[in-house]
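# Structure at a glance
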Amino acid sequence: MLHVRLLFLLIASFKVAAILDDSAFFSMLDRLKPSFWRAKGYREMDDHISGEEDEGIDWDTEDELEIQNTVTSSCSTLVTRNAEAIISKEESSSSAGPSNSNLVQHFLGMGFSNKLVTKAIKENVEGDTESILETLLTLSALDNSPEEQSSCDLNSHQKQQCVDDDEFSSDYDESFLVDFSESDSWSDDEITENGDSHPTILCLASMGYTMEEAMAATERCGPDASIEELTDIIYAAQMAKTDAIFFEEEKPKNSCVMNRKQKRKMFELEAWKKKKQKGPVTDADEVIRLPNPMIGYGVPSESSVITHRTLPDAAIGPPFFYYENVALAPKGVWETISRFLYDIEPEFVDSKYFCAAARKRGYVHNLPINNRFPILPLPPRTINDALPLTKKWWPPWDKRTKLNCLQTVYGSARLTDRIRKALEKWGDDPPLHVQKFVIEQCRKWNLVWVGKNKVATLEPDEVETLLGFPRNHTRGGGISRTDRYKSLGNSFQVDTVAYHLSVLKDVFPNGINVLSLFSGIGGAEVALDRLRIPLKNVVSVEISEVNRDIVRSWWEQTKQKGNLIHLSDIQHVNGDTLERYIVSFGGFDLVVGGSPCNNLTGGNRVSRDGLEGEHSALFYDYFRILDLVKCIMSRQN
DNA sequence: TGAAAGATGAATAGGTTA
DNA sequence: TAACCTATTCATCTTTCA
């Protein structure tokens, strides 16, 4: 078996891209973003479960069992050793001459040691970066030749002794997910008798995944699965790990597995080379632009409608899924979301084409897009039609016909009082600067005219109506006015979502099984109900007790015939949970949800951190669960 | 103690103009 | 084409008040 492992060492020593399809390779590696691995520690399972949820569930999933029996591969030690060199402060003081300092720093930043960089530069006097890079790769391979791996290869016992030192661990903040496995029981039996292994497994191993990971993923997805699919599965399994694993991560590492940082380094290295070869990234390559007008594949009120699109192969097949978030997210966010959700192009739609309030959102889904229909009657699409009592008092110099986005916070009574007093000074024709001030405040806080010189904030029930919910949907049950605004502000615009989901009515005439993630106040459930699509089984995952109560109350008041199951924390939803429901229901027909936008929205002045943000990172749980559902369901079919 | 009010800009896109 | 202007944004934190 030794020669097989030597092969791994060689593979890891050279460009992985050479043995992979470029797009698959970069797609896979690009997913390994820092935020991806910076998920918060998982807490104990304490999901609140109602309905038919059973007690005494065995939370150890088959997936986890597979993972927990995984082992570490010695092949990735190569990169580990390089990475150790990266963070050596002593080494970081370059000995190269001043003229090369930028070059040295550049390669140091890639993760090569100062020693190797200096040597490579000396060997390439012309200073050609491409040549230096090639030399560095070669030197890295030699520097990590099998002879130098004495403490880290050959058998599992010895591998245990290959411990990442403190310096290494401290530098790699993503490393808490490094150990996919806790045991280290890789036996040579897991390589085929003749010493060969499936090429895909070799590729995965060369990327730093353990052989067990690679084999488990291959087993689950079949031998013909793409590298991208396999890495997705491995990731999903990783994310399904419980906190016990994370606590283990705080201990000194006994693994030689290439960690996320190292994988990222590899990606950066390859990406830099690719960039050099192709030149600067162009808009056409990567940037997702918002459409103008923002009508997606079409809205009821517009004549130009796209009725056909081609989905990526990985996106085809059950379940249907529907993901939502704010359109105006920081740059790169939608590219990442799209990349994770099977490279489906987002559909950006402004709900101002459905109702009287703007709501610019992006939707990634694999639903059909032909034969959509809206909920009837169509909701009013102007402020005056939606709020007819305001028409009488609307001054001619306020040209608004649409409200801006319905937010989670609203203007105060004191503000509207100040506006009234400012206007009363001037009679019917306030000067332009006063008009400008008033209009600015009205736009900012969505104020409407309710009397002479009187503006007012929207009432919660008016917000409910504008968003397509039943009046008083969020009222009562102990919820404050402030929390009503907050829950509503975080919700779907029902008519918009229903228009997209309407295609499911013919597909599931007898009802639908729904996995609703980040349910909130039940926008998806209300949309399906308003479409008259029977809700057979709904597993609703929502962290807020107040919101869960709202949905439960709606469920009872609308006399739903199906089953509603509530789970609280999406981070506790694992493969076993999902498999139980899938077996019980015969599968989920729709996975729907919009993950938190807190760290994406422009209104957040404190922590607009993108998908790395504390809340918005939960997008990866949406992907994790969706991918698990797809995998479990495909395994059952 | 909980609810409401007030203070806190930047990122981004689109339009206009020189 | 670049510079400038305008408009928009599923928010967070601290203070005030009843």
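No experiment lies behind these values; they were computed from the predicted model shown.

### Some points on the overall build of chain A
Within chain A, the regular secondary structure consists of 29 helices and nine strands. Taking all 637 residues of chain A together, the buried fraction comes to 57%. Considering only intrachain contacts with a sequence separation of at least 6, the fraction spanning at least 24 residues in chain A is 77%.

### Describing the packing of aromatic side chains
Throughout the structure, instances matching the rule amount to 18 aromatic pairs. Summarising the aromatic geometry, the rings of Tyr-323 and Phe-619 are spaced 5.3 Å apart at their centres and angled 70 degrees between planes, so their arrangement reads as edge-to-face. Separated by 296 residues along the polypeptide, Tyr-323 in strand 1 (residues 320–326) and Phe-619 in helix 29 (residues 619–636) bring together distant segments of the chain. Ring pairs connect the aromatic residues Phe-321, Tyr-323, Trp-334, Phe-340, Tyr-342, Phe-348, Phe-619, Tyr-620, Tyr-622 and Phe-623, which therefore count as one cluster. Sitting over the ring of Tyr-581, Arg-580 keeps its end group 5.7 Å from the ring centre. Against the face of Tyr-342 rests Lys-630, its NZ or CZ located 5.0 Å from the ring centre.

### Overview of the protein's contact with DNA strand B
Taken together, 14 residues lie around DNA strand B, and Ser-412, Arg-414, Thr-482, Gly-602 and Arg-605 are the ones closest in. Lys-331 is positioned with one of its backbone polar atoms (N or O) 2.9 Å from a phosphate oxygen of DNA strand B. Backbone polar atom of Asn-604 to a base nitrogen of DNA strand B: 3.3 Å apart, as the coordinates give it. Listing elements by their share of the surface near DNA strand B, those giving two or more residues are helix 20 (413–424) and helix 23 (481–489). Looking at the surface near DNA strand B residue by residue, the classes come out as three nonpolar, six polar and five charged.

### Re the protein's contact with DNA strand C
Taken together, 26 residues lie near DNA strand C, and Arg-361, Gln-407, Thr-408, Cys-597 and Thr-601 sit nearest. The contact atoms of DNA strand C, taken as those within 4 Å of the protein, divide so that sugar and phosphate hold 69%. Contact between DNA strand C and Arg-359: a base oxygen at 3.4 Å from a side-chain N or O atom of the residue. In this structure, a base nitrogen belonging to DNA strand C sits 3.2 Å away from a main-chain N or O atom of Ser-595. For the surface near DNA strand C, the elements supplying multiple residues, two or more each, are strand 1 and strand 3 (360–365). Classifying every residue of the surface near DNA strand C gives seven nonpolar, 12 polar and seven charged.

### A short note on helix 28 (residues 575–585)
In terms of burial, helix 28 is largely enclosed, as eight of its 11 residues are buried. Measuring from the backbone nitrogen of Asp-576 back to the side-chain oxygen at the start of helix 28 gives 3.1 Å, which picks out Asn-574 as the cap. Immediately beyond the C-terminal end of helix 28, within one or two residues, lies Gly-586, with a positive phi of roughly 85 degrees.

### Quick look at the state of the cysteines
Within the structure shown, the criterion is met by zero disulfides. Here Cys-355 is not cross-linked by a disulfide; its sulfur's nearest cysteine counterpart is in Cys-405, at 9.9 Å.

Conventions we followed
Residues numbered from 1 in each chain as written. Chains lettered and ligands numbered in written order. Predicted model: local features only at pLDDT ≥ 70, side-chain atom pairs only at ≥ 80, totals over all residues. Heavy atoms only, no water. Helix = DSSP H or I, 4+ residues; strand = E, 2+ residues; numbered from the N terminus. Buried < 20%, exposed > 50% of the residue type's maximum accessible area, 1.4 Å probe, protein only. Contact = heavy atoms within 4.5 Å. Phe/Tyr/Trp six-rings, centres within 6.5 Å; stacked < 30°, edge-to-face > 60°. Lys NZ or Arg CZ within 6 Å of the ring centre and 35° of its normal. Near = heavy atom within 4 Å. Polar contact = N/O pair within 3.5 Å; in protein donor to acceptor, adjacent residues only side chain to side chain. Nonpolar A, V, L, I, M, F, W, Y, C, P; charged D, E, K, R; others polar. Disulfide = S-S within 2.5 Å.

Don't take any of this as a statement about function, it's just geometry.
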